[in-house]
Amino acid sequence: MYLSTIGRREHPGGVSKKSFALLGGNVFALGTVSLVTDVSSEMVTAVLPVYLVLGLHLGPAAYGVVDGLYTGATALLRLVGGYVADRVRRRKAVAGLGYAMSAVAKLGLVAAGSSATAIGVVLTADRTGKGLRTAPRDALITLSAPEHMLGRAFGVHRAMDSVGAFLGPLAAVAVLAVAGSATGVEGFDAVFVTSFCIATAGVLLLALFVRDHRAPKPPSGTVSLRAAAGLLRGAGVRRLLIAACVLGLATIGDGFVYLLLQDKEDIATGWFPLLAVGTNLGYLLLAAPLGALADRIGRLPVMLGGYGALIAVYLLLLSPLTGWALFALTLGLYGVFYAATDGVLMALAGPLLPEALRTTGIAIVQSGQALAYFVSSVLFGLSWQFWGATTAITIAAGTVLAAVAATFVLLVPRRKALP
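Quantities reported herein were computed from a predicted structural model and do not represent experimental measurements. (Residues numbered from 1 in each chain as written. Predicted model: local features only at pLDDT ≥ 70, side-chain atom pairs only at ≥ 80, totals over all residues. Heavy atoms only, no water.)

With that settled, consider helix H6 (residues 150-179). With 30 residues, H6 ought to run about 44 Å at 1.5 Å a step, and its terminal C-alpha atoms sit 43 Å apart, in line with that. When you tally the buried positions in H6, you get 21 out of 30 residues, the bulk of the element. (Helix = DSSP H or I, 4+ residues; strand = E, 2+ residues; numbered from the N terminus. Expected span 1.5 Å × (residues − 1). Buried < 20%, exposed > 50% of the residue type's maximum accessible area, 1.4 Å probe, protein only.)

A few words now on the pattern of salt bridges. This structure, assessed with the given rule, holds 5 salt bridges. Residue arginine 137 pairs with aspartate 138 through a salt bridge whose shortest N-O separation is 3.0 Å. Among the residues examined, aspartate 138 registers a relative accessible area of 0% and is labelled buried. Residues participating in the shared-partner salt-bridge network are Arg137, Asp138 and Arg158. (Salt bridge = Lys/Arg side-chain N within 4 Å of Asp/Glu carboxyl O.)

Before going further, it helps to examine the side chain of serine 383. Positionally, serine 383 belongs in helix H14 (residues 358-387). In this view, serine 383 contacts Gly388 and Ala392; residues no more than four positions away in its chain are not counted. (Contact = heavy atoms within 4.5 Å.)

So, on to the confidence of the model for the protein chain. Model confidence for the protein chain is summarised by a mean pLDDT of 80, while 84% of its residues fall at 70 or above. In this model, residues 1-16 is a region of pLDDT below 50 whose contacts with residues beyond four sequence positions or in other chains number 34 contacts. (pLDDT = per-residue confidence, 0-100.)

With that settled, the discussion passes to a nonpolar patch on the surface. On the surface, Leu249, Val375, Leu379, Leu382, Phe386, Trp387 and Ile395 cluster together into a nonpolar patch covering about 700 Å² of accessible area. Ranked by residues supplied to the nonpolar patch, first place goes to H14 with 5 residues. With respect to the helices and strands, the residue leucine 382 is situated in helix H14. (Patch = residues over 30% accessible without salt bridge, like charges linked within 9 Å, V, L, I, M, F, W, Y side chains within 5 Å. Areas by Shrake-Rupley, 256 points an atom, 1.4 Å probe, with all protein chains shown as cover.)

Here it is, written out as structure tokens:
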């Protein structure tokens, strides 16, 4: 079977600035919602590693569990959100519920105080919201742009999303400075409350400006648990899911990368959130261009190139390089990794899935990758704690290399044998 979205695809007129106008207002509206929401979420994400490890004195293994919960433990809820959105044909409403849950969870961090258990519960609630909203949002993107422009659509959306990710850590640093305490509880509480207010604005933007895609009701039985499970009978979807899981196992959390940089360079706690700014700047500048490049030369080469950048990041953390050169190369390449992989994977998935089950299918792929990420985060934390950072990152680099090779074998287009 050919995976038609992977190979190069030619289109009359090539790629021009005018072609981006064809994406439609809904893609840009969804991008604006993600931009505002990411300011909120990245404010928390930027301070969370230093808050947990230096503030609450969690070890690498414990942090690995919390980081895994933050990103991967609610993966099954992506399936719930995806299936419900397809079943009721209200993708916007399900996404809105997810955005609202994440917003409320920001206030929960204030109530949790210094209790690691309570923080874990609140973070799980926050990620529950993300799990519910991600697949319906990405499905709306695939339904709001022509198939041959999905790379551009996701690139534009991820670029707007990364503007928020870029501004979030800066906002966190500003709030900490205004609060007058870079490491005290009052400073972190101020970050969490501000984050809630911004997240609420994102929910309002979704309600006011994003249009739902209300296709005619499909025939009875088209959207069912049996039909959802039947998606995996397609070789293309099955191979993509396996590849997503393999790549998830090879990816450690951002917090680990930044903590390793801090450990190597002894960064002051108050400046820690700015590490995410460097990554998000690279993501912001490259997401749309790499999405367009993926539409032109093929989505698989661009995605695997992104994982090549991730290998380089891990090797830099092992290298003797120090100072500004280390920061610039590591954070820049980390931004390249995200720009070349995040939206491109969803652009690969969209055309393989029927419209009636588009959200469910995307959720299946995302859930597999998120569960694999949870395992990876826990294992990396254990490796760091018991074998040391050098051994842990060496294993991680080797795992990414093996994952790239496996993904290439899984997703490279199959050529039909000549009769």
